[in-house]
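Understanding the architecture of this molecule
Each chain is listed here by its residues.
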Protein chains: 2
Amino acid sequence: MVTDRALEAPLSYAAQHQSAHLEELFEFLRIPSISAQPQHREDVARAAEWLADSMTAAGLENVRIIETDGHPLVYGDNLKAGPGAPTVLIYGHYDVQPPEPLDLWESPPFEPDVRDDYVYARGSADDKGQLFIHVKAIEAFVRCRNGLPVNVKVLAEGEEEVGGPSLAAFIPEQEELLSADVAVISDTPMLAIGKPAIVYGLRGLAYMLVDVYGPKRDLHSGHYGGAVKNPINALAHIIARLQDEGGKVLIPGFYDDVRTLDEEERKILSELPFDEQAWAEEIGVLGPWGEPDYTLIERIGARPTLDVNGIVGGYTGEGGKTVLPAHAHAKISMRLVPDQNPEEIADAFTRYVTEIAPPEVRVEVQTTGGGSFASISDYNTDAVRAAADAYYEVYGEKPVLMREGGSIPVVGQLQSHLGLETVLMGFSSPDAQIHAPNERFYLPNYYQGIETVIHFLYGYAQRFRAEHVEES
Amino acid sequence: MVTDRALEAPLSYAAQHQSAHLEELFEFLRIPSISAQPQHREDVARAAEWLADSMTAAGLENVRIIETDGHPLVYGDNLKAGPGAPTVLIYGHYDVQPPEPLDLWESPPFEPDVRDDYVYARGSADDKGQLFIHVKAIEAFVRCRNGLPVNVKVLAEGEEEVGGPSLAAFIPEQEELLSADVAVISDTPMLAIGKPAIVYGLRGLAYMLVDVYGPKRDLHSGHYGGAVKNPINALAHIIARLQDEGGKVLIPGFYDDVRTLDEEERKILSELPFDEQAWAEEIGVLGPWGEPDYTLIERIGARPTLDVNGIVGGYTGEGGKTVLPAHAHAKISMRLVPDQNPEEIADAFTRYVTEIAPPEVRVEVQTTGGGSFASISDYNTDAVRAAADAYYEVYGEKPVLMREGGSIPVVGQLQSHLGLETVLMGFSSPDAQIHAPNERFYLPNYYQGIETVIHFLYGYAQRFRAEHVEES
């Protein structure tokens, strides 16, 4: 590989500062910025401050913490790339998922621990490690004589794991602050270790909380069993009527707006190098499950679904207790695809559950508030080509184009409000165990990610200028 | 009411020692003898020792703690009633239900607190308070010149709330030790405050634990949802197929051995003074639910049922977490009626759940080990008549005869192994909130219970001797 001379200095800076970059990431990971849990509100604020300080230290300017009704946003920019340079909006999030169940962690979730090339910590892959790649790539350019080849704006939120309501309100009001030529986000996995991927499709989300209330207190199941409707039995019946055993969602109207996969895209997706057996082994299942008319890749990336994410009711301690409980609770989320509307889906869910709820119990349905649209990004752009080149320079492999099953609500919001296409350059590994115990980030990807972003920012500037010259 | 002179001394003793008897009960209630929770094993042992000491102090002899594979039994007797006196076997249990959920208790479960004539504590009604009534009635006789009118044997177990496996093994081997003319148990409710009841029918129990295992770790519901069978969704489908929404259990063979209620008994049960509206209001439901062809009283006392007593899986903390969980767990118990066999029912449950379990998850079914048969006691006996008289003396009301929905496994065991009929003289109130937060014991029933048992022991001796004289 022949590296452009202008890249030598920042790449060499990044290579020489690997251990410092790791130490700094550890500091970031030690802050338990769990956005879903009110008792961690101050930790989330502390993470925002830590990130702002770190961005300033990296050479970003105008760094500020933007208060919201929820957790703060962090913004900083460096707009000194000079005439003809494009502007890149980099987005990431500094909040993390709850670490529970704690007893399954092999090392404490907020004490980063390196084992076999992975750093284990909640948020290491999702998304602190991936966000920090960009901060460090920017630092590498700023520290060198010529500065950044592009203008950059960095925007980080602290509510991604709770649906991002504050950012959703902020984006439409900040057209000028957030104006850019392209958005870049690193919050997705690669296809495998050493196999880069650019994600162009993401699912949306509607997240519901269902509470079933029966008697006003827990009852003795002997004295009352058979004469009082049991809220857990009732909840099980409700859940069983939401989705059939084959994976089809039974909520009326659920599939009405689902965009059909066209043959071209089915072909692209079918050509992805994907090892179903390895996939099943890595997660410990016998094989894939789901809608019979769709491939595994299609089920994950292009089909909506419904999962119970949590359930609790009655006695959950050791042994038995003969209680007929007063209350049962379930958390149920639906992943959405284009063109499902999360609000309409939440309404349809609520209507249906209310309708099928038995009259002897009281059923309450709420959303967690953070619904999001699915998104499809244009992959015929200079930015995607520059990203593909950058991956090739560092990994020696061109990235595959793929859809992903997760949700990054900001992608759809940037698209619809600011007209911005996003390049999803992921650096986590499929075995990163995000949202699960023992979340981990493959450390070579941290260093190679910084290199890749350095290549990308430079390459994208070149492609942009070339096109600009042609045009003028 | 004219009280027999021989009863004046023990009744007066009981009346004079009310505050001491209350203090002693409080000591008993402070010991968290939770048999289901391994971390309380030593507390259970401590409760057994405390009870043994207390029985000795009350005048019982040969008091001993009998070790078992599980929690110990406590035995003591006083066999000095002389020729022609009957022997009464008194059974109770000193273990208690788990107190969870703790946050719903208005005072700590193991710090007895008196409010409005009730003492609030776990085990106050079920069964420490009711067991202790007998110890104090015995003490009242022993302290007086003439001693006890009957021979008594007291047997207490520490595993009633976990199905009583050790006692079940002990009874068939101890025919001589436990031989008696009748058994008496106080572990049931009265019909209402001031309205005594003698229970002649109890339901049996089969208690199952169901575990559904999916992927080997919690997964991100975006990255895997739609392609991996969700263990909570699967468990909900299983539960929904165990019982229909009208209350009918769907396990093949479940009703095969159920003894049909005859018209005479339906008539007796239909004549019970029972206020459905008050019943519903007290527990905070709109009205009864259950099998349409049976009355509320029949559903509770004479029909088998199935209740999920607890369920847990995935994320159960605040807010949302988009996890596709590795595991879901449910505790499911079935109340049984004559002539269902708990082992056969447990087997039928296991077979059925295994059969309907989807192939993409691993389902494990276990029993908690403590299945029990339902029981029907003969109510045309001297002992029942003596109990009815005793209630009338103290409460001014004859007790009603009723079936109860709970399970007291020892009743069936005494019947089948020792040929002993049991009189179930209950002193708790229907609003005692047993097995639930804020369990409470109506204190007037504690003192009146002691009086009632004094009357009963004396009256039963008289009836027994009278019959004996006639016979000889």
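Residues numbered from 1 in each chain as written. Chains lettered and ligands numbered in written order. Predicted model: local features only at pLDDT ≥ 70, side-chain atom pairs only at ≥ 80, totals over all residues. Heavy atoms only, no water.

Scanning chain A from terminus to terminus reveals 14 helices and 18 strands. Its C-alpha atoms give chain A a radius of gyration of 24 Å, within 12% of the compact-globule value 23 Å for 472 residues. Its C-alpha atoms put chain A at 80 × 45 × 45 Å along the principal axes. Counting over 472 residues, chain A shows a buried share of 64%. The contacts in chain A between residues at least 6 apart in sequence include a share of 79% that link residues at least 24 apart. For chain A, the exposed area adds up to about 17300 Å²; of that, 47% sits on carbon and sulfur atoms. Averaged over its 36 positive side-chain charges, chain A has a centre that lies 2 Å from the centre of its 73 negative ones. (Helix = DSSP H or I, 4+ residues; strand = E, 2+ residues; numbered from the N terminus. Rg over C-alpha atoms; globule rule 2.2 N^0.38 Å. Buried < 20%, exposed > 50% of the residue type's maximum accessible area, 1.4 Å probe, protein only. Contact = heavy atoms within 4.5 Å. Areas by Shrake-Rupley, 256 points an atom, 1.4 Å probe, with all protein chains shown as cover. Lys, Arg positive; Asp, Glu negative; His and termini not counted. Charge placed at Lys NZ, Arg CZ, Asp CG, Glu CD.)

Residue and element names in this part refer to chain A. In this structure the tally under the stated criterion is 28 aromatic pairs over all chains. Taking 5.3 Å as the distance between ring centres and 55 degrees as the angle between the ring planes, the aromatic pair formed by tyrosine 118 and tyrosine 442 counts as tilted. Separated by 324 residues along the polypeptide, tyrosine 118 in strand β5 (residues 118-120) and tyrosine 442 in strand β18 (residues 440-442) bring together distant segments of the chain. Here tyrosine 118 matches tyrosine 442 in class, with each residue buried. Here the aromatic rings of phenylalanine 456 and tyrosine 460 are separated by 5.8 Å at their centres, their planes lie at 5 degrees, and the arrangement is stacked. Here the residue phenylalanine 456 and the residue tyrosine 460 both occupy positions in helix α14 (residues 443-471), the gap between them amounting to 4 residues, near one helical turn. In terms of burial, phenylalanine 456 and tyrosine 460 fall into one category: buried. Here the aromatic residues Phe28, Trp50 and Phe132 are joined through ring pairs into a cluster of three or more. (Phe/Tyr/Trp six-rings, centres within 6.5 Å; stacked < 30°, edge-to-face > 60°.)

With an axial shift of 0.0 Å and an RMSD of 0.1 Å, the rotation relating chain B to chain A amounts to 180 degrees. Such a combination of turn and shift is consistent with a two-fold rotation axis. Of all interface residues in chain B, 98% are interface residues in chain A too; the two copies therefore contact each other through one and the same surface. (Least-squares fit on C-alpha atoms with pLDDT ≥ 70 in both.)

On the side of chain A, 92 residues touch chain B, which itself brings 93 residues to the contact. For the pair chain B and chain A, the two sides together bury roughly 7700 Å², of which 53% comes from carbon and sulfur. Note that glutamate 245 of chain A is salt-bridged to arginine 241 of chain B, the shortest N-O span being 3.4 Å. Our count for the contact surface shared by chain B and chain A stands at 58 residue pairs in polar contact (both at pLDDT 80 or more). It is strand β11 (residues 305-314) of chain B that provides the largest number of residues to the side of chain B that touches chain A, a total of 10 residues. Taken together, the residues of the side of chain B that touches chain A break down into 38 nonpolar, 32 polar and 23 charged. Inspection of the sheet shows strand β11 (residues 305-314) of chain A paired to β11 of chain B by 5 bridges, in the antiparallel sense. Opposite isoleucine 311 of chain A, over in β11 of chain B, you have glycine 313 of chain B as the bridge partner. (Buried area = accessible area lost by both parts, 1.4 Å probe. Salt bridge = Lys/Arg side-chain N within 4 Å of Asp/Glu carboxyl O. Polar contact = N/O pair within 3.5 Å; in protein donor to acceptor, adjacent residues only side chain to side chain. Nonpolar A, V, L, I, M, F, W, Y, C, P; charged D, E, K, R; others polar. Pairing = 2+ DSSP bridges.)

What follows is about the pattern of salt bridges. A pair can form between side chains of opposite charge whenever their charged atoms are brought close. Enumeration over the complete set of coordinates arrives at 40 salt bridges over all chains. As a salt-bridge pair, glutamate 139 of chain A and lysine 136 of chain A come within 2.7 Å of each other at their nearest N and O atoms. Of this pair, glutamate 139 of chain A and lysine 136 of chain A both sit in helix α4 (residues 124-142), 3 residues apart, roughly one helical turn. Between aspartate 382 of chain B and arginine 385 of chain B there is a salt bridge, with the nearest N and O atoms lying 3.5 Å from each other. You can see aspartate 382 of chain B and its partner arginine 385 of chain B sitting in helix α12 (residues 382-395), 3 residues apart, about one turn around the helix.

Glancing now at the sheet that holds β11 of chain B. If you walk across this open sheet you meet the 8 strands as β14(A)-β9(A)-β13(A)-β11(A)-β11(B)-β13(B)-β9(B)-β14(B), and the pairing is antiparallel. Whereas interior strands pair on both sides, the edge strands pair on one side only; in this sheet they are β14 (362-367) of chain A together with β14 (362-367) of chain B. Direction aside, the axes of adjacent strands within the sheet are offset by 25 degrees on average. Direction of pairing for strand β9 (residues 204-213) of chain A relative to β14 of chain A: antiparallel, over a ladder of 6 bridges. Residue tyrosine 213 of chain A lies in a different strand from β14 of chain A, and its bridge partner there is arginine 362 of chain A. (Axes fitted to C-alpha atoms, helices over the stretch in contact; angles between N-to-C directions.)

Time to look at unusual backbone geometry. If a residue is not glycine, its phi is most likely negative; likewise, a peptide bond is most likely trans. Of the consecutive residues glutamate 100 of chain A and proline 101 of chain A, the connecting peptide bond is found in the cis state with omega at 0 degrees. By secondary structure assignment, the location of proline 101 of chain A is in the loop between β3 (87-93) and β4 (113-115). Following aspartate 126 of chain B, the chain continues to aspartate 127 of chain B via a peptide bond in cis, the omega torsion being 10 degrees. Its place among the elements puts aspartate 127 of chain B in helix α4 (residues 124-142). Backbone geometry places aspartate 116 of chain A, a non-glycine residue, at a positive phi of 50 degrees. By the secondary structure assignment, aspartate 116 of chain A is in the loop between β4 and β5. Taking relative accessible area as the criterion, aspartate 116 of chain A reaches 72% and is therefore assigned exposed. For histidine 435 of chain A, which is not glycine, the phi dihedral falls at a positive 65 degrees. In this fold, histidine 435 of chain A is placed in the loop between β17 (422-425) and β18.

This part covers a negative patch on the surface. Residue and element names in this part refer to chain A. Residues Asp256, Asp257, Glu343, Glu344 and Asp347 make up a contiguous surface patch of negative charge. Within the secondary structure, aspartate 257 is located in the loop between α7 (231-240) and α8 (263-270). In this structure aspartate 257 comes out as partly exposed when scored by relative accessible area, which is 38%. (Patch = residues over 30% accessible without salt bridge, like charges linked within 9 Å, V, L, I, M, F, W, Y side chains within 5 Å.)

This paragraph deals with the sheet that holds β18 of chain A. Residue and element names in this part refer to chain A. As summarised here, the arrangement of the 3 strands in space is β4-β5-β18, forming an open sheet in which the pairing is antiparallel. Taken across any chain shown, the strands that pair with only one partner, and hence form the sheet edges, are β4 and β18. The average angle at which neighbouring strand axes cross in this sheet is 25 degrees, direction not considered. The sheet contact formed by β5 and β18 spans 3 bridges and is antiparallel. When the sheet's bridge partners are listed, tyrosine 118 is paired in β18 with tyrosine 442. The strands touched by α4 are β5 and β18; relative to β18, the strand with the most contacts, the crossing angle is about 40 degrees.

Tracing the backbone shows aspartate 307 of chain B in strand β11. Of the residues examined, aspartate 307 of chain B reaches a relative accessible area of 4% and is grouped as buried. In sequence terms aspartate 307 of chain B and glycine 247 of chain B are 60 residues apart; their C-alpha atoms lie 9.7 Å from each other. In this structure, aspartate 307 of chain B is in contact with Ser221, Gly225, Gly226, Asn230, Asn233 and Leu324 of chain A together with Lys331, Ile332 and Ser333 of chain B, ignoring residues within four places of it in sequence.

Let us look at the packing of helix α2 (residues 18-29) of chain A against α4 of chain A. Each pair of packed helices gets described by two things: the angle between the helix axes and the distance between those axes. Residue and element names in this part refer to chain A. One way to put it is that α2 packs onto α4 with a least axis distance of 10 Å and a crossing angle of 140 degrees. With respect to their mutual orientation, α2 and α4 come out oblique. Seen along the crossing, α2 lies across α4 with a hand that is right-handed. Facing His21, Glu24, Leu25, Phe28 and Leu29 of α2, the residues of α4 in contact are Ser124, Lys128, Gly129, Leu131, Phe132, Lys136 and Glu139. Of the residues assigned to the contact of α2 with α4, the class counts are 5 nonpolar, 3 polar and 4 charged. (Parallel < 35°, antiparallel > 145°, perpendicular 65-115°, else oblique. Left-handed = near helix turned anticlockwise from the far one by under 90°.)

Turning next to the side chain of aspartate 431 of chain A. Along the polypeptide, aspartate 431 of chain A turns up in the loop between β17 and β18. The exposure class assigned to aspartate 431 of chain A is buried, which follows from its relative accessible area of 13%. A distance of 2.8 Å separates a polar atom in the side chain of aspartate 431 of chain A from a polar atom in the side chain of tyrosine 118 of chain A. Look past the residues within four positions of aspartate 431 of chain A in its chain and what remains in contact with it is Tyr118, Glu282 and Arg440 of chain A together with Arg217 of chain B.

Residue and element names in this part refer to chain A. Mapped onto the elements of the fold, threonine 368 is located in the loop between β14 and β15 (375-376). Sequence separation of threonine 368 and lysine 331 is 37 residues, and the distance between their C-alpha atoms is 9.3 Å. If near-sequence neighbours (up to four positions away) are discounted, threonine 368 is found in contact with Tyr207 and Leu209.

All names here are of chain A. Along the chain, valine 96 turns up in the loop between β3 and β4. Sequence separation of valine 96 and leucine 29 is 67 residues, and the distance between their C-alpha atoms is 9.5 Å. The residues contacting valine 96, other than those within four sequence positions of it, are Ser33, Ile34, Ser35, Phe110, Arg122, Gly123, Asp126, Lys128 and Glu161.

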